[in-house]
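Here is how the chains run, residue by residue.
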Amino acid sequence: MKKVNILVVDDRPEGVMAVQAVLNSPNYNVVTASSGNEALKHLLKMEFAVILLDVQMPGMNGFETASIVKTREKSKDIPIIFMSAVSQDEQYVYQGYGVGAIDYLLKPFDPYILRSKVAIFVDIFRKNQLIKDQATKLYESEQKAHAEKIDRMEMENLRRYQYLADSIPQIVFRLLPNGEYEYFNKVWYEYTGLSQDKSQGLAWKDVIHPDDLQELMSLFRDGNEAMVSECRILNHKGEFRWHLVRIQAERYFNPKEISAWLGTATDIEDRKREEEMQKFLAEAGEILVSTLDYRLTLQSITKLAVPYLADWCAFDIVNEEGKLENLVITHKDPQKQELAIKLHDKYLCRPDSEVGAAKVIKTGKYIVFNDIDQELIQRVSLDEEQKQLTTELAATAALVVPLKLHGKVLGALTFAVAGNRMKYDQYFIDTAEELSKRVSLAFENSKLYRISQEAIEVRNEFLSIASHELNTPITSLKLQLQMVRKTLLASRDGQIPMDRFTKSVDASVKQVDRLINLVQILLDVSRIQSGRFTFNFEELNAQDVVKEVYERHKEILVNSGCNLEMKLGENIPVVWDKIRIEQVITNLLTNTIKYAPGLVELTMEEVEDQVTITVRDHGKGIPENKLKSIFERFERATTNESVSGLGLGLFIVKQIVDGHMGKIEVKSSPEEGTTFKVTLPKDVNEAMEKFQAEQSSESQYH
């Protein structure tokens, strides 16, 4: 059993010895002090079960010493027994109890009583110590259980954290303060294809794009609180994809010291691509609306597309003749520009090519090649030269998309890339197709603008000609009227020279007829444009219609030097608009008078349920470049301004023939002159009914 400390305070050695003798026991450790100050020093160093304190001591007496003992936190609960041989006065006893004494013994004391009282306090001390020891052990046990519980909770939280980190689609990581590996979630290993061993230390840096690594490593070097950055991370397919990386410092024990780095990496490749695509398309849109010169526009677009979409790019359109026409080819390497042009023009645009613009224009669907190798080159090449050109250009991927508008294919866009910097996945295909839509619209707008400008020029030319044509009869009419007025004023006695007067009036009537004809032509054009060009079909004799026209123009034909030969055959009953068909024949004959006076042949034939009217002259013919447009508004068969005409006659003729369900053809050459052939159904009403029935049948079938 451990000894218990007992403090005996007495300035007289014999008194100390007497107490030691009484308390001599292997269970007690009696500590002595000869003064109050010495006793207080012992109390600071040791723990005591009881204090035996003499009252009368020099310097600090027992009462003063007890007062100090009771004010100290460490010693205030130690029981004090006063010992005194001087006074038995109750006042001193009360004073002793007043300063905190437990008992008051008078010397000489009974050894048995002293020993018994001390034994009681020692026993109380031992029990208190036992209670303290048990409380300490209980506390330590509770602390240990709590610590174990905390450890279990931490392990559970760690597992829960790992499960959570593995379940989210982002990369989650925890790095040491110097940036070395501590933890990566499952997404990291699945995305990068790295094992845990190959991610240890700083080995994870190998999958960060070199251009982005420096900014990332600066965080660990500079010790900033956090960082948000975009960087490219290599996946297991060998492709770099953009990620948004967020890293936050963790500080556990020391607020001034970083314990670890916690971060996430979110794949933003699709968003990044979308932003780049929108930026590219926005720039393309600005270019497309900057000018209506489509050649300049397409040159600018190819420069924008290279190198964003390709290393070289080509634009092809279907021209007005239906042939494939290249507008521009751009290669990022000027030294390979000629190679690209040669490969494109000689091979990729051939109708029999299976990999170029011609194929896309034919099908209206894009074609894409993402792994161009020697085997593919060998298979699609038409000859050794094409193989050599393709090999020298080193194209590894190609994409050709159609230029379409309102379901019609206008042309094609060709993109090709060398090396492994990109492949034409769905993102690039969508971008190229969106670009093709915008280019198609811009190209069509440019074409419409060009047509409108040409129409304005034609209109201006027509207005100039019309002004001249209208001014000529008006001027002539004015002169004739002036002559009549002069003749009337010069007559004497009411005598009017009738021959001169009659000639002036006849000439005036001719000019009025000419004006009426010009106005009628303009009215017909207006009716055609507004859809009010109507017909009045009736039963006729075809020969009678031609003969009436001839009779009205016989004098003009003779005066113009035209020799008209007619072969009309037998009577042919027809259902036509008499006035409109007369207008057709009149226009055809008038053209021969203007452009090819001389021998003119007019024939009429009946072929089954149709009638053909042919007018042939033997003049110089119509220029070849005019034949296709001769039936359009304001078109003239000659540029000779000395020949009058509005350029509307044949346009009106074509509308009349179409309105009769017929057709008109023209053939012309310098050697044989010009032949107009009009084919009309004998009964227009019957032809219309038949046509409508066929249309109705086709509609029901579809």
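Computed from a prediction, not measured in an experiment: that's the story for all the values here.

Colleague: So, the pattern of salt bridges: which residues are in play, and what are the values?
Modeller: Close approach of charged atoms lets side chains of opposite charge pair. Evaluation of the coordinates by the stated rule reveals 26 salt bridges. A salt bridge links Arg273 to Glu269; the shortest N-O distance between them is 3.2 Å. With a gap of four residues between them, Arg273 and Glu269 both fall in helix α8 (residues 269–290), about one helical turn apart. Residue classification places Arg273 among the buried residues on the basis of a relative accessible area of 17%. Between Lys578 and Glu582 there is a salt bridge, with its nearest N and O atoms 2.6 Å apart. Separated by four residues within a single helix, Lys578 and Glu582 lie in helix α17 (residues 578–595), roughly one turn from each other. Each member of the salt-bridge network shares a partner with another, and the members are Glu230, Arg271, Lys272 and Glu275.

Colleague: Any details on the pairing of strand β4 (residues 80–84)? Residues and values, ideally.
Modeller: In terms of burial, β4 is a largely internal element, five of the five residues being buried. Residues Ile80, Phe82 and Ser84 of β4 are buried on one face, and the alternating residues Ile81 and Met83, pointing to the opposite face, are buried as well. Of the pairings in the sheet, the one linking strand β3 (residues 50–54) to β4 comprises four bridges and is parallel in character. Within β4, the residue paired with Leu52 across the bridge is Ile81. At this point the chain moves from β3, through helix α3 (residues 62–71), to the parallel β4, and the crossover so formed is right-handed. Note: β4 against strand β5 (residues 103–106), four bridges, orientation parallel. Across the sheet, residue Ile81 finds its bridge partner in β5, namely Asp103.

Colleague: If you had to explain the sheet that holds strand β7 (residues 181–184) to someone new, which residues and values would you point to?
Modeller: Taken together, five strands build an open sheet; the order of strands is β7-β6-β10-β9-β8 and the sheet is antiparallel. In this open sheet, the two edge strands, each paired with only one partner strand, are β7 and β8 (226–234). Each strand of the sheet is rotated relative to its neighbour by a mean of 25 degrees, with strand direction disregarded. Lying over the sheet, helix α5 (residues 111–167) contacts β6 (171–175), β7 and β10 (260–267), oriented at roughly 65 degrees with respect to β7. Lying over the sheet, helix α7 (residues 210–222) contacts β6, β8, β9 (240–250) and β10, oriented at roughly 145 degrees with respect to β8.

Colleague: An account of unusual backbone geometry is needed here, citing residue identities and associated values.
Modeller: Geometrically, the link from Lys107 to Pro108 is a cis peptide bond, its omega value of -5 degrees lying close to zero. In this fold, Pro108 is placed in the loop between β5 and α5. In this model, His406 sits at a positive phi of 55 degrees, which is unusual for a non-glycine residue. For His406, the location among the structural elements is in the loop between β14 (395–405) and β15 (408–418). At Glu608, a position not held by glycine, the phi torsion is positive, near 55 degrees.

Colleague: Got a sec to walk through the packing of aromatic side chains? Specific residues and values, please.
Modeller: Summed over the entire model, instances satisfying the criterion amount to 11 aromatic pairs. Ring centres 6.1 Å apart and planes at 45 degrees place the aromatic pair Phe173 and Phe184 in the tilted group. With Phe173 in strand β6 and Phe184 in strand β7, the pair connects residues that are 11 residues apart, well separated along the chain. Just as Phe173 is buried, Phe184 falls in that class too. Geometrically, the ring pair formed by Trp204 and Phe220 is edge-to-face, given 6.3 Å between the ring centres and 85 degrees between the ring planes. Here Trp204 is found in the loop between α6 (186–192) and α7, whereas its partner Phe220 is found in helix α7, with 16 residues between them in sequence. We note that Trp204, like Phe220, is buried. In this structure an aromatic cluster arises from ring pairing among Phe173, Tyr181, Phe184 and Trp188. The positively charged end of Lys272 is found above the aromatic ring belonging to Trp242, 4.6 Å away from the centroid.

Rules behind the numbers
- Residues numbered from 1 in each chain as written.
- Predicted model: local features only at pLDDT ≥ 70, side-chain atom pairs only at ≥ 80, totals over all residues.
- Heavy atoms only, no water.
- Salt bridge = Lys/Arg side-chain N within 4 Å of Asp/Glu carboxyl O.
- Helix = DSSP H or I, 4+ residues; strand = E, 2+ residues; numbered from the N terminus.
- Buried < 20%, exposed > 50% of the residue type's maximum accessible area, 1.4 Å probe, protein only.
- Pairing = 2+ DSSP bridges.
- Right-handed = clockwise from strand over helix to strand, strands pointing away.
- Axes fitted to C-alpha atoms, helices over the stretch in contact; angles between N-to-C directions.
- Contact = heavy atoms within 4.5 Å.
- Phe/Tyr/Trp six-rings, centres within 6.5 Å; stacked < 30°, edge-to-face > 60°.
- Lys NZ or Arg CZ within 6 Å of the ring centre and 35° of its normal.

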